[in-house]
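Listed below, chain by chain, are the residues.
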Amino acid sequence: GDKVSAQQFVDLQQGDSVHPGFRRAHAKGICVQGEFRNNGALAQYSSAQIFATSVTPFVGRFSLAGNNPTAPDLKAPVRSLALSFATSASEQWRIAMNTPPVMAVSNPQDFYQQLVAIKSGPKAIQTFFAEHPESADFLAWKDSYQPSGSFAAETYHSINAFYLVDDNEQRQPVRWHMQPTVSVTDDGLSGPNALHQELKARLAKQPVVFDWLFTLASAQDDERNPAIQWPAERPRINAGKIVITQWQAQQDGACHSINFDPLVLPSGISPTVDAILRARSAAYAESYRRRAVEQLRGQAKELSND
Ligand code: HEM
């Protein structure tokens, strides 16, 4: 199909009502900070500094899919976690993850059409999925997914694959996910900011901890295709713990001015040719450009979800 530009993506995602100063997607969220406690297990696969050092701090952001920074927390179909590690003076690693393990489609053009179909209503999206059999793994996830009662209790997936690159330039394709260490039901949660309030109350008492698990592809898996789940028997390596200790409101917080572009990678990690990664990088930059201009012009709304 025809190429889709970053401007077209962001125009569609921001929709008719622009919220000046906010992200055009995943607009509602909260900044967090913490550290990665490495256990050394990935050092043989990747020369990245983060897998050689014991502790690396990060700035992160929990968020909800959608363009509205005041949307009700419990209505969002997808929850997210983004992390930015300053792994050395010259390198950063930025990661943006969602609750589904795969995308419904394999390329940017089809994702654009999926967003068009979502806007057109339930019948259009049903037709879209019927015409895209590669969405089967995504739909299976969607059918079985039970939203939890906490950002801390979700599993967040890289979806796109990357390569771990070792000292000899050997590449191992991987996907990763953050596995929660608590389970929380949504019983009794209510109100538009339920997940934000739950997170703040939780962090006042204890850190939020995830295990960072990497799944190793084998030669039969196509690491360029973000729609296809890899078989469950693929090896998994636990690289250590993601420990979140603090939060800040997003508009004043350290995550506000970070563009969580998935192609900002340190040496030892490299991108696959998955076209979605390039599309994401371009769209995030366009969204960032728009919100930065609005902020510069003083149009950004002061708004927090406290
Ligand atoms: C072609 C496909 C995609 C497009 C066009 C797209 C577009 C966008 C845009 C425009 C933003 C706002 C960026 C900003 O202003 O900082 C965003 C944020 C985000 N996206 Fe995507 N996205 C895509 C796929 C994905 C996938 C596959 C994932 C998960 C693996 C993902 C996870 C996120 C997350 C977590 C955020 C919020 C990051 C933050 O907290 O700042 N996106 N996306």
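About the cut-offs
- Each residue is numbered by its place in its chain's sequence as written, counting from 1.
- Only residues with pLDDT of at least 70 get local features here, since the model is predicted, and only at 80 or more are side-chain atom pairs given and counted; chain-wide, interface and lining totals rely on the full set of residues.
- UniProt positions are given in the numbering used here, feature names are shortened, and annotations may be inferred rather than shown by experiment.
- Runs of H or I in DSSP of at least four residues are treated as helices and runs of E of at least two as strands, each being numbered from the N terminus.
- This radius of gyration counts C-alpha atoms alone. The globule rule is 2.2 Å times how many residues there are, raised to the power 0.38.
- Any pair of residues counts as being in contact when their C-beta atoms, constructed from backbone geometry, are within 7 Å of one another.
- Any residue whose backbone-placed C-beta atom lies within 6 Å of a molecule or strand is treated as near that molecule or strand.
- Ten residues, namely Ala, Val, Leu, Ile, Met, Phe, Trp, Tyr, Cys and Pro, are considered nonpolar, four, namely Asp, Glu, Lys and Arg, are considered charged, and the remaining ones, Gly among them, are considered polar.
- Put plainly, a residue is buried at 20 or more neighbouring C-beta atoms within 10 Å of its own, exposed at 12 or fewer, and partly exposed in between, counting only other residues' C-beta atoms, which are placed from the backbone.
- The arc refers to the directions leading from the helix axis to the C-beta atoms.

- With an unreviewed UniProt entry as reference, the chain is termed Catalase-related peroxidase, source organism Pseudoalteromonas ruthenica.
- Listed under Cofactor (unreviewed entry) in UniProt, the entry text for the chain is "heme".
- Recorded under Function (unreviewed entry), the UniProt text for the chain is reproduced unchanged: "Has an organic peroxide-dependent peroxidase activity."

1. Description of the overall build of the chain
Then step 1. Across its full length, the chain carries 6 helices and 10 strands.
Then step 2. Rg of the C-alpha trace for the chain: 19 Å, near the compact-globule value of 19 Å for 306 residues, within the 12% margin.
Then step 3. When the backbone C-alpha atoms are referred to their principal axes, the chain occupies close to 50 × 45 × 40 Å.
Then step 4. Considering only intrachain contacts with a sequence separation of at least 6, the fraction spanning at least 24 residues in the chain is 76%.

2. Focus: the site of the ligand
Then step 1. In the region of the ligand, 31 residues are neighbours, and A25, H26, S80, A96 and S287 sit closest.
Then step 2. For the shell around the ligand, the elements supplying multiple residues, two or more each, are α1 (6–14), β2 (55–64), β3 (79–88), β4 (91–98), α2 (108–120) and α6 (275–296).
Then step 3. Tallying contributions element by element places α6 first for the shell around the ligand, with 8 residues.
Then step 4. Within the shell around the ligand, the residues separate by chemical class into 16 nonpolar, 10 polar and 5 charged.

3. A word on α1
Then step 1. Three or more residues of α1 are buried, namely F9, V10, Q13 and Q14. What you see down the axis of α1 is that its buried residues fit within an arc of 115°, all on one side.
Then step 2. On its buried face, α1 is in contact with α2 and α6.
Then step 3. Within two residues after α1, G15 carries a phi angle of roughly 70°, on the positive side.

4. A word on the UniProt feature "binding site: heme" (unreviewed entry) in the chain
Then step 1. The positions UniProt marks with the feature "binding site: heme" (unreviewed entry) are Y284.
Then step 2. Note on placement: Y284 falls in helix α6.
Then step 3. Setting aside residues no more than four positions away along its own chain, Y284 makes contact with N259, F260 and D261.

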